[in-house]
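# Observations on the model geometry
The primary structure of each chain is shown beneath.
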Amino acid sequence: MGNASEKVRNNESVFNALYRNEVWERMQGDTYDLLIIGGGITGAGIALDAQSRGLRTALIDMQDFAAGTSSRSTKLVHGGLRYLKQLEIGVVAEVGKERAIVYENGPHVTTPEWMLLPFYAGGTFGRFSTSLGLRVYDFLAGVKRKERRKMLSVDATLAKEPLLKREGMKGGGYYVEYRTDDARLTIEVLKKAVELGADAIPYVTAESFIYGGDGKVAGVHARDSISGTVGELRAKAFINAAGPWVDKLREKDGSKKGKTLHLTKGVHLVFDQSRFPLTQAIYFDTPDGRMVFAIPREGKTYIGTTDTNYKSDIAHPRMTSGDLQYILKAANDMFPTLGLRPEDVESSWAGLRPLIHQEGKDPSEISRRDEIFVSESGLISMAGGKLTGYRKMAETAVDKAVAQLAANGISGIGASRTKTLPMSGGEVGGSSSYESYAAGMAKAAMGKGFSADEAKRLAGRFGSNMKQVLELSEEAQAEGMKRGIPMGVMAELLYAIRYEMTVKPVDFWIRRTGNLLFDRARVIRWKETVHAYMAEVFGWSEEQSAAYAAQLEAELDHAVVPVEAD
């Protein structure tokens, strides 16, 4: 603890939530080269790119990191096969190559996953078009030889996944996607930026911009929603990476004109494997032309997504009754023996896609391309894009900021370094060494008293950061015994607070662990003891404690109870 306090005093970056107030105070006394507004994957990628080039970088987010779109995706770092269907060749080529870079730099949060694409009489995909499409996809995306597509017969397709509908099946295509934990990917990228010297703080809202005599943005008036205090943050360049809120900030800047955002919503449902025993990830089309993923993960199966226009509360998109029925029908049509019902849904999430508006196009037809807007005030806004392309998007945005800084006499800033820069936890010797590295860490964890299952799970989750988790093991065991919390839960909680700026219970249960989505029972069992520990170490008032508890209860409720309409 003292070490973190000393770092704050010495103006070093620190990601310990117990010293968040000190970091907030210090940030107000500094002038940064670059201030980023938005702590999703785009903002995190920009922070890492900028700080690794030597720019003094700061990042704020009005919510927790990754609380918007970046924890609500389909959780795939994928090559964009669907965009080949729309003839977006450039998007397929770029994100396919980026997918391989993300895997190499963070194999602990990115897992190759063979995907089965069944095709049926009258469906969008046929044997020839699927074979050709996947072959072109392999070429454009630079897919490794061992991961290139295979075409399967009807019998081979059904052998891969017996739950699939047999009627009308013509065969299947088999190709590799990459599964990820989107929130953890975001936090690992941001942690690396902080390790290199960036400052990043959640729950700080940019309320208005401050302008210099030349009309250029010079700072923001920012409000800390935890302490209620307001301060000024100063920088020489500013990037708006606020995802669905990009246009809100452009409005504050008086520069929302020309192209604007078009928000669409995607919903995913989670089932226990006992109810939806999927063994093979599936990608299939629906009668209305939408594409749906069904993916096994950690003893669960999740399925989605919808793609509908959205104009309601940006901060709290919800599953509607219509979304629920649409996905259930898609699932039951493709897997007819299951008979899934609303009461089988263990959890769900709804997320927004901040796309660039294209007049007259349906939501699923709108391009996922990213674009940069630069206002007269110098505010750089990053809009659109995909999770997979975050690193390249960041490089492009920082290049714009570097050009601005150079025009103001700040030169000598190098090119992007992130192509071969491991994210936090990714220093395992590359993807080829990851499995043996994780196995060694799991063995070390068992030696510290973790159960075999916990040791394997934690080693797989934290990668090279497992060393820090093991350093907390004795304290986790002692605190856990005192409070009746399992050692594994306690170790994750200690690490999340001290190394991942975890401020509230919802941060821990949704974005640091993913438990609210994929292990609801774990949340329900340990939420009160975890809350009590956090309340004690953070010194919450009764009002704060009650508000944070209510927030978690609301999230648990929203995950299973649909609203009637957006």
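To start, this report covers the structure provided alongside it. (Residues numbered from 1 in each chain as written. Predicted model: local features only at pLDDT ≥ 70, side-chain atom pairs only at ≥ 80, totals over all residues. Heavy atoms only, no water.)

A tally of regular secondary structure across the protein chain gives 20 helices and 17 strands. Taking 24 Å as the expected radius of gyration for a compact globule of 566 residues, we find that the protein chain reaches 23 Å, a close match to that expectation. Overall size of the protein chain, expressed as C-alpha extent along the three principal axes, is 65 × 60 × 50 Å. Counting over 566 residues, the protein chain shows a buried share of 61%. Taking the intrachain contacts of the protein chain between residues at least 6 apart in sequence as the baseline, contacts between residues at least 24 apart amount to 72%. Surface summary for the protein chain: the accessible area is close to 21,900 Å², and the carbon and sulfur share equals 51%. Here the protein chain contributes 73 positive and 72 negative side-chain charges, whose respective centroids are spaced 5 Å apart. (Helix = DSSP H or I, 4+ residues; strand = E, 2+ residues; numbered from the N terminus. Rg over C-alpha atoms; globule rule 2.2 N^0.38 Å. Buried < 20%, exposed > 50% of the residue type's maximum accessible area, 1.4 Å probe, protein only. Contact = heavy atoms within 4.5 Å. Areas by Shrake-Rupley, 256 points an atom, 1.4 Å probe, with all protein chains shown as cover. Lys, Arg positive; Asp, Glu negative; His and termini not counted. Charge placed at Lys NZ, Arg CZ, Asp CG, Glu CD.)

With 112 residues, the main nonpolar core has Ile-46 and Leu-185 as its most contacted residues. When residues of this core are assigned to their parent elements, the largest contribution, 9 residues, is made by helix α16 (residues 487-499). Setting aside residues no more than four positions away along its own chain, Ile-46 makes contact with Leu-34, Ile-36, Ile-239, Ala-241, Ala-394, Ala-397 and Val-398. Judged by nonpolar contacts, the second largest core, of 36 residues, contains Ile-37, Val-220, Ala-235 and Trp-245. (Core = buried A, V, L, I, M, F, W, Y, C linked by side-chain atoms within 4.5 Å.)

Before going further, it helps to spend a moment on the packing of helix α17 (residues 505-512) against helix α20 (residues 542-558). Direction vectors running N to C along α17 and α20 enclose 30°, while the axes themselves pass 8 Å from each other. Relative to α20, the element α17 lies roughly parallel. Contact with α17, carried on its side by Pro-505, Val-506, Trp-509 and Ile-510, involves Tyr-548, Gln-551, Leu-552 and Glu-555 of α20 and no other residues of that element. Counted by class, the contact of α17 with α20 contains 6 nonpolar, 1 polar and 1 charged residues. (Axes fitted to C-alpha atoms, helices over the stretch in contact; angles between N-to-C directions. Parallel < 35°, antiparallel > 145°, perpendicular 65-115°, else oblique. Nonpolar A, V, L, I, M, F, W, Y, C, P; charged D, E, K, R; others polar.)

A word on the pairing of strand β2 (residues 57-61). Extensive coverage of β2 is indicated by the burial of 5 of its 5 residues. On β2, burial covers both faces: Thr-57, Leu-59 and Asp-61 on one face and Ala-58 and Ile-60 on the other are all buried. Both strand β1 (residues 31-37) and β2 contribute to a ladder of 4 bridges, which runs parallel. By the bridge assignment, Leu-34 is partnered in β2 with Thr-57. (Pairing = 2+ DSSP bridges.)

Turning our eyes to something else, we now look at empty space enclosed by the protein. Applying the stated criterion across every chain yields a total of 5 cavities of 30 Å³ or more. By volume, the largest cavity amounts to about 240 Å³. Elements with a minimum of two residues in the lining of the largest cavity: β15 (347-356), α17, α18 (515-518) and α20. Looking at the lining of the largest cavity element by element, the count peaks at 3 residues for β15. Classifying every residue of the lining of the largest cavity by side-chain character gives 9 nonpolar, 4 polar and 4 charged. (1 Å grid on protein atoms, 1.4 Å probe; cavity = no way out; pocket = protein on both sides within 12 Å on 5 of 7 lines; lining within 4 Å. Points joined across faces, edges and corners; volume = space filled by probe spheres on them.)

The contact between helix α13 (residues 452-462) and α16 brings their axes to 11 Å, and the two run at 20°. Considering their axes alone, α13 and α16 lie roughly parallel with respect to each other. When the axes of α13 and α16 are compared, the crossing they make is right-handed. Across the interface between the two elements, Glu-454, Arg-457, Leu-458, Arg-461 and Phe-462 of α13 pack against Gly-488, Val-489, Glu-492 and Tyr-495 of α16. Across the contact of α13 with α16, the residue classes break down as 4 nonpolar, 1 polar and 4 charged. (Left-handed = near helix turned anticlockwise from the far one by under 90°.)

Counting buried positions over the 5 residues of strand β17 (residues 380-384) gives 5, a clear majority of the element. In terms of strand pairing, strand β9 (residues 230-240) meets β17 through 2 bridges, oriented parallel. Within β17, the position partnered with Asn-240 by the bridge is Ser-381. Note: strand β16 (residues 370-374) against β17, 5 bridges, orientation antiparallel. Among the inter-strand pairings, Glu-371 is bridged to a residue of β17, identified as Ala-383. Linking two consecutive strands that pair antiparallel, namely β16 and β17, is a turn of 5 residues; a positive phi of about 95° is found at Gly-378 within it.

No statement about biological role is implied by the geometric values presented.
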